[in-house]
Each structure stands twice: as C-alpha cells, then as structure tokens.
Amino acid sequence: AQSVSQHNHHVILSEAASLELGCNYSYGGTVNLFWYVQYPGQHLQLLLKYFSGDPLVKGIKGFEAEFIKSKFSFNLRKPSVQWSDTAEYFCAVQTGGGNKLTFGTGTQLKVEL
Amino acid sequence: KAGVTQTPRYLIKTRGQQVTLSCSPISGHRSVSWYQQTPGQGLQFLFEYFSETQRNKGNFPGRFSGRQFSNSRSEMNVSTLELGDSALYLCASRFTGGDTGELFFGEGSRLTVL
C-alpha cells in the first residue's frame, strides 16, 4: 500500500522567509500528487496538483511544487511567506482512478509577524 | 456554486449509540468520498461512492457504512460508537466527467463520543 511522509510536523517562520515543506511517497507506479491546505476553521482546499507534464507546478497564492520522480518527492515551496499562510498543509497521493487519496500527516505552519 | 455541504456540523454521542452523517456534493458531482480526520491518524479514507455504488473502501471496521442516493447525496453511518470514533468526518465530491481528479471537501462533521 502506498504511504506519504511529511517530515516537518511543525514549522515556524517569520514573514518574508522562504518555505519548503517536504513530501515523499512510496509507490512505484503512476501517481497524481496534491497539496491541500486547511486554514484555521476552514475546509481543506486544493493548493496545487500534478498529473503529468512539467514537473514544476504552480498553484494558488504563490505556491509551487516540484515532482522529482527519482526521489519520489513532491516538495512544496513559496519564496516569501505571509502571516496569512498560517495553516496546516497536507500532501496527498492518488493512484489509479477514483477518490481515494492517501494523505501525509500534515505540517502545521505558523508564520510570525 | 454551492460547495460540499455536510450536516450536522457538530454532534455529541455516547458509546454504543449510532450516528448518521449527511453530505450533499457540489451540483453535478456524482462521486462522493468520506474521510476521517483525527490528530493521531491524520486523514484516512473511509469509502467512495459513484452512481449509488461503493467503488472503494478503506481499512475501517464494518461498523462504518455508507450509501449514496440517486441525487448523489451521501450518508455515512457509524454503529456501536466507540471513544476512538471521535473525529472530524469529511466528505469530498468530484466531477467525474473529463476527470481532473480534484476533490472538493466540505467543512466536516465533528463527532464527539463520550
């Protein structure tokens, strides 16, 4: 069965700092990859997704992620975080069709002013 | 366009009781799935329904069940509640035509079992 690892459970950054959140998955076949964000008190929202093509994908709010197949990684980046980026971030993998996503355990990001 | 709607948003039950949670997907979305979110286990897939048929099931005991109606609305049921069933239950829907794979999540139903 596939699994997803997010190595950083809690991250604290100052505004304007750069962000990189790690995500590794274990599955040898074709995967679709996602980053979701959950702002305090809100529902999960899609930040970005990768299905195929250019391994560098851009999402909303200035986020981007790079798929490195040889490393089974899909790390999330943002050059300059804002206080409003404070949220929990989830990496997820989809294999095959359907709605089954395997999520990582999440990374709680706190951005301080 | 209205999002995924889940009811009730909050509920408290006692051990041994049963609970039914409801989910209305985004209009036009025919695929619905359910996830359990807990601090310890994170987000775990429960099951998925499409056209009233269960397409996929996660690793949960038979106490957890679900169904989907002809209008794509879905319900999930948990019988003989245990303390460990306390969680946020999330419903997600997906448009399956020209599939992009993106799931749209509701705000969840927070279940507390006492």
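Model, not experiment: these values are computed from the prediction.

1. A few points about the interface of chain B and chain A
- At the junction of the two partners, chain B supplies 21 residues and chain A supplies 15 residues.
- Looking at the side of chain B facing chain A, the largest losses of area belong to Leu43, Glu102 and Phe105 of chain B, adding up to 32% of the total buried there.
- Counting every contact that joins chain B to chain A gives one salt bridge.
- Here chain B is connected to chain A by three residue pairs in polar contact (both at pLDDT 80 or more).
- For the side of chain B that touches chain A, the elements supplying multiple residues, two or more each, are β4 (31–38), β5 (42–50), β6 (53–57) and β9 (87–94) of chain B.
- Looking at which element gives the most residues to the side of chain B that touches chain A, the answer is β4 of chain B, with five residues.

2. A look at the packing of aromatic side chains
- In total, this model carries 15 aromatic pairs over all chains according to the counting rule given.
- Each ring, one from Tyr50 of chain A and one from Phe67 of chain A, has its centre 4.7 Å from the other, and the planes form 35 degrees; the classification is tilted. Taken together, the residues span a long stretch of sequence, with Tyr50 of chain A in strand β6 (residues 45–50) and Phe67 of chain A in strand β8 (residues 64–68) at a distance of 17 residues.
- Accessibility expressed as a relative area gives 8% for Tyr50 of chain A, which makes it buried.
- With a relative accessible area of 11%, Phe67 of chain A lands in the buried category.
- Taken together, a centroid distance of 6.2 Å and an interplanar angle of 70 degrees make the contact between Phe103 of chain A and Phe105 of chain B edge-to-face.

Scoring rules and cut-offs
Residues numbered from 1 in each chain as written. Chains lettered and ligands numbered in written order. Predicted model: local features only at pLDDT ≥ 70, side-chain atom pairs only at ≥ 80, totals over all residues. Heavy atoms only, no water. Contact = heavy atoms within 4.5 Å. Buried area = accessible area lost by both parts, 1.4 Å probe. Salt bridge = Lys/Arg side-chain N within 4 Å of Asp/Glu carboxyl O. Polar contact = N/O pair within 3.5 Å; in protein donor to acceptor, adjacent residues only side chain to side chain. Helix = DSSP H or I, 4+ residues; strand = E, 2+ residues; numbered from the N terminus. Phe/Tyr/Trp six-rings, centres within 6.5 Å; stacked < 30°, edge-to-face > 60°. Buried < 20%, exposed > 50% of the residue type's maximum accessible area, 1.4 Å probe, protein only.

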